[in-house]
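Observations on the model geometry
One letter stands for each residue in the lines below.
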Amino acid sequence: MTTYYSEEHEWITVEGDTATVGITAHAAEQLGEIVYVEQKDGGDTFEKGDEIGVVESVKAASEIYAPVDGEIVEANESLADNPAKLNESPEGDGWLYKIKLSDTSQLNDLMDLDGYKSFIA
């Protein structure tokens, strides 16, 4: 299992042709207390860079952008009732989507953990 990071502070963990997407712990920390999550529905398709959701905190609203092309297989519906899960476990139980990848070569444009740590330093 490999995890990649985007400059928009999303993480993506890949297993086969399916991936899990969420926001990084750094992003959750910068947003502060998250109070609302707007998500797309399963079956929705998107291209890299498309807005695929919005996270609202007591400080600000922040768009979530697709790190790669794909189709939403599953949205983490538990976030609707418990958006704070994004603060508690942004890179665990607070995942946003399970997606089916359209073009795995796009993963080459993303950073590994060391690259991301340098990016946010």
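Up top is the structure.
Computed from a prediction, not measured in an experiment: that's the story for all the values here.

A short note on the sheet that holds strand S7 (residues 61-65)
Think of a sheet as strands paired side by side through backbone hydrogen bonds, with each pair either parallel or antiparallel. Spatially, 3 strands are ordered S4-S6-S7 in an open sheet, and the strand pairing comes out antiparallel. One side of each edge strand has no neighbouring strand; the edge strands of this open sheet are strand S4 (34-39) and S7. Strand-to-strand twist in this sheet, taken as the mean axis angle between neighbours without regard to direction, amounts to 20 degrees.

Some points on unusual backbone geometry
Positive phi is not limited to glycine here, since His9 has a value of about 70 degrees. Positionally, His9 belongs in the loop between strand S1 (2-5) and strand S2 (10-15).

Here's the deal with the pattern of salt bridges
The tally for this structure, following the rule as stated, stands at 2 salt bridges. In this structure, Asp17 engages Lys100 in a salt bridge whose closest nitrogen and oxygen atoms are separated by 2.7 Å. In this pair, Asp17 is assigned in the loop between S2 and strand S3 (18-23) and Lys100 in strand S9 (residues 97-101), connecting sequence segments 83 residues apart. Between Asp109 and Lys48 there is a salt bridge, with the nearest N and O atoms lying 3.0 Å from each other. Within this pair, whereas Asp109 is found in the loop between S9 and helix H4 (113-120), its partner Lys48 is found in the loop between strand S5 (45-46) and strand S6 (51-57), the two being separated by 61 residues in sequence. By relative accessible area, which is 35% here, Lys48 ends up partly exposed.

Regarding the nonpolar core
Counting residues in hydrophobic clusters, the biggest one holds 26 residues, and the most contacted among them are Ile12, Ile23, Leu86, Leu96, Ile99 and Leu101. Every element with two or more residues in this core is listed here: S2, S3, helix H1 (25-31), S4, S6, strand S8 (70-75) and S9. With residues up to four places along the chain from it excluded, the contact list for Leu86 reads Ile23, Ala28, Ile34, Val37, Val55, Leu79, Gly94 and Leu96.

Remarks on the side chain of Gln106
Here Gln106 lies in the loop between S9 and H4. Beyond its immediate stretch of four places on either side in the chain, Gln106 contacts Lys48, Val68 and Asp69.

A word on the pairing of S6
Of all 7 residues making up S6, 5 are buried, and the element is well covered by its neighbours. Here 5 bridges tie S4 to S6, and the two strands are oriented antiparallel to one another. By the bridge assignment, Glu38 is partnered in S6 with Val54. When S6 meets S7, the two strands line up antiparallel, connected through 5 bridges. Looking at S7, one finds that Val54 is bridged to Glu63. Hairpin remark: S6 followed by S7, antiparallel, with 3 residues in the connecting loop.

Parameters at a glance
Counting of residues starts from 1 at the beginning of each chain's written sequence and follows it residue by residue. Restriction of local features to residues with pLDDT of at least 70 applies here, the model being predicted, together with a cutoff of 80 or more for giving and counting side-chain atom pairs; totals for whole chains, interfaces and linings are based on all residues. Side-chain figures throughout are based on the complete set of non-hydrogen atoms in the structure, without hydrogens or water. What makes two strands pair is DSSP finding at least two bridges between them. Secondary structure follows DSSP: runs of H or I at least 4 residues long count as helices, runs of E at least 2 residues long count as strands, and numbering of each begins at the N terminus. Simply put, an axis is a line fit to the C-alpha atoms, just over the touching stretch for a helix, and the angle between two N-to-C directions goes from 0 to 180 degrees. Salt bridge, as used here, is a side-chain nitrogen of Lys or Arg placed within 4 Å of a carboxyl oxygen of Asp or Glu. Each residue is placed in one exposure class: buried if its accessible area under a 1.4 Å probe, protein chains only, is under 20% of its type's maximum, exposed if it is over 50%, and partly exposed if it falls in between. Buried Ala, Val, Leu, Ile, Met, Phe, Trp, Tyr and Cys residues that are joined via side-chain atoms within 4.5 Å together make up what is termed a nonpolar core. By the convention used here, residues are in contact when the closest approach between their heavy atoms is within 4.5 Å.

All we've got here are geometric facts, nothing functional implied.
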